[in-house]
Amino acid sequence: MKRLLILLICLLPSSVFAGEAKDLAKDPVIEKRMVALAENLRCLVCQNESLASSHAELAEDLRKEVREMIAKGMTDDQITEYLVARYGNFVLYTPPVKSYTLLLWFGPFALFLIGGGALFYQLRKRRSTMQEAELSPEAEQRAAAMLNDDKDNHA
Amino acid sequence: MMRFIWPLVAFLILAAFLYKGLSLNPREVNSPLIDKPAPAFSLPQLHDPAKSFSAEEMKGKVWLLNVWASWCVSCREEHPVLVELSKQNIVPIYGLDYKDNRADGEGWLTRGGDPYTLSVSDMDGRVGIDYGVYGVPETYLIDKQGIIRYKEIGPVTTEKLRDVILPKVAELQAK
């Protein structure tokens, strides 16, 4: 426990100073994590762009904010939570599974099942109607005659 | 006949969804801050940077926090409405000058009139981020306990004020 505390104390100031001393955007480790995070977040200003690719000023500010949070040692989940608390689930490109997002998550599968079921039902129905189409002996003779006729014509 | 019913039903359901979609505004994202405490801040006042103002000071009052900026185009549309509202002395309006520089902000208030009891300047936009600001102007209605009760995204119009905001203000003031 004591050793852990000492270790923590040793780690603390260095990471704090590291955050202030240099430009965080130039730290490749932080930048990589920031981009990975921001690619899954929506920019609220230009809604079809991710936070990583948007040129909006707010996106720039938020990227800065994310870099600083990474430097402070916050986890990805904590950072995402921070943004969701301010801008709502709308910032997430993968919204959480909640009662009100069930339709969003499972609606397509439900539609697929309904469509597949309908197709299956229709195909079975068709097969049974085709089997029913048995010919009476007369009709069979006529069909045979017509087929022979056809053969003669081609010969 | 039956075979045409189901595709028709499916079409009608789809059409209903699409029709509803036509009237939704994708720019209006419900704020998760509604019914949550207004984030605390302490910022320098626009006209007197030596003094600061914090949201804490407004405990016990119903007030509007309007996020504006001199560079904001829609604010031009909104500003006269706020000036008119401030003359009626119904509810105090506080301004948050968002990512603006002081001279521009002050110039804007001199030219267009100053509806604000006071404005604070949020130069780096940090407080804006805490409030989830993404499109100026935005207006927050905060109650006596410091809880955000309503957020208007985009310019406040006379109609919005009359039909939505002022009734809510009266309701909160009566509490």
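Residues numbered from 1 in each chain as written. Chains lettered and ligands numbered in written order. Predicted model: local features only at pLDDT ≥ 70, side-chain atom pairs only at ≥ 80, totals over all residues.

Visitor: Sorry, what's going on with the pairing of strand S6 (residues 138–142) of chain B here?
Guide: Each regular strand displays side chains that alternate between the two surfaces of the sheet. Residue and element names in this part refer to chain B. In terms of burial, S6 is largely enclosed, as five of its five residues are buried. Judged by which residues are buried, S6 turns out to be covered on both faces: Glu138, Tyr140 and Ile142 on one side and Thr139 and Leu141 on the other are all buried. Counted along the chain from S6 to the antiparallel partner strand S7 (residues 148–153), the turn is five residues long, and its residue glycine 146 has a positive phi close to 80°. (Buried ≥ 20, exposed ≤ 12 C-beta atoms within 10 Å, placed from the backbone. Helix = DSSP H or I, 4+ residues; strand = E, 2+ residues; numbered from the N terminus. Pairing = 2+ DSSP bridges.)

Visitor: Would you mind going over the interface of chain B and chain A with me for this structure?
Guide: Residue-level contacts link 11 residues of chain B with 13 residues of chain A. Residue composition of the side of chain B that touches chain A, by class: five nonpolar, five polar and one charged. (Contact = placed C-beta atoms within 7 Å. Nonpolar A, V, L, I, M, F, W, Y, C, P; charged D, E, K, R; others polar.)

Visitor: I'm lost on the domain arrangement of chain A in this one. Help?
Guide: Buried accessible area, meaning the area lost when the parts come together, often serves as the stated size of an interface. The domains assigned to chain A are domain 1 (19–96) and domain 2 (100–154). Each of domain 1 of chain A and domain 2 of chain A was reduced to a C-alpha centroid, and the two centroids are 55 Å apart. (Domains from an automatic or database assignment.)

Visitor: Is there a simple way to think about the confidence of the model for chain B in this case?
Guide: Detailed reading of predicted coordinates is not advised where the pLDDT is low. Mean pLDDT over chain B works out to 92, with 99% of the residues at or above the 70 mark. Looking over chain B, one finds the lowest element-wise mean pLDDT in helix H1 (residues 2–22) of chain B, namely 89, and the highest in strand S3 (residues 63–68) of chain B, namely 96. (pLDDT = per-residue confidence, 0-100.)

Visitor: Is there a simple way to think about the nonpolar core in this case?
Guide: If you look at soluble globular proteins, the nonpolar side chains tend to sit buried side by side. Within the largest apolar cluster, 54 residues are counted, with the highest numbers of intra-cluster contacts made by Val66 of chain A together with Val136 and Tyr140 of chain B. Considering each element in turn, this core owes the most residues, six residues, to helix H3 (residues 57–71) of chain A. If we ignore the near neighbours within four places in the chain, the residues touching valine 136 of chain B are Val67, Trp68, Ala69, Cys72, Cys75 and Tyr98 of chain B. (Core = buried A, V, L, I, M, F, W, Y, C linked by C-beta atoms within 7 Å.)

Visitor: Mind showing me how you'd approach helix H3 (residues 102–112) of chain B here?
Guide: Every α-helix carries 3.6 residues per turn, so stepping three or four residues along brings you back to the same face. Residue and element names in this part refer to chain B. Restricting attention to buried positions, one finds in H3 the residues Gly105, Trp108 and Leu109. Down the axis of H3, the buried side of the element spans an arc of 95°, and every buried residue falls inside it. Facing away from the buried side of H3 by more than 90 degrees, the exposed set consists of Ala103, Asp104, Gly107, Thr110 and Arg111. If you follow the buried residues of H3, they end up packed against strand S4 (93–98) and strand S5 (118–122). Once H3 finishes, glycine 113 follows within two positions and takes phi at roughly 95°, a positive value. (Arc of directions from axis to C-beta.)

Visitor: I would appreciate a short explanation of the packing of helix H2 (residues 28–38) of chain A against H3 of chain A in the present structure.
Guide: Helix-helix packing: each pair is described by the crossing angle between the helix axes and the interaxial distance. Residues and elements named next belong to chain A. Close contact between H2 and H3 brings their axes to 9 Å; oriented N to C, the two are set at 125°. By the criterion of interaxial angle, the relationship of H2 to H3 is oblique. Of the two possible hands of crossing, H2 and H3 adopt the one that is right-handed. Along its contact with H2, which presents Ile30, Arg33, Met34, Leu37 and Ala38, the element H3 presents Arg63, Val66, Arg67, Ile70 and Ala71. The class makeup of the residues in the contact of H2 with H3 is seven nonpolar, no polar and three charged. (Axes fitted to C-alpha atoms, helices over the stretch in contact; angles between N-to-C directions. Parallel < 35°, antiparallel > 145°, perpendicular 65-115°, else oblique. Left-handed = near helix turned anticlockwise from the far one by under 90°.)

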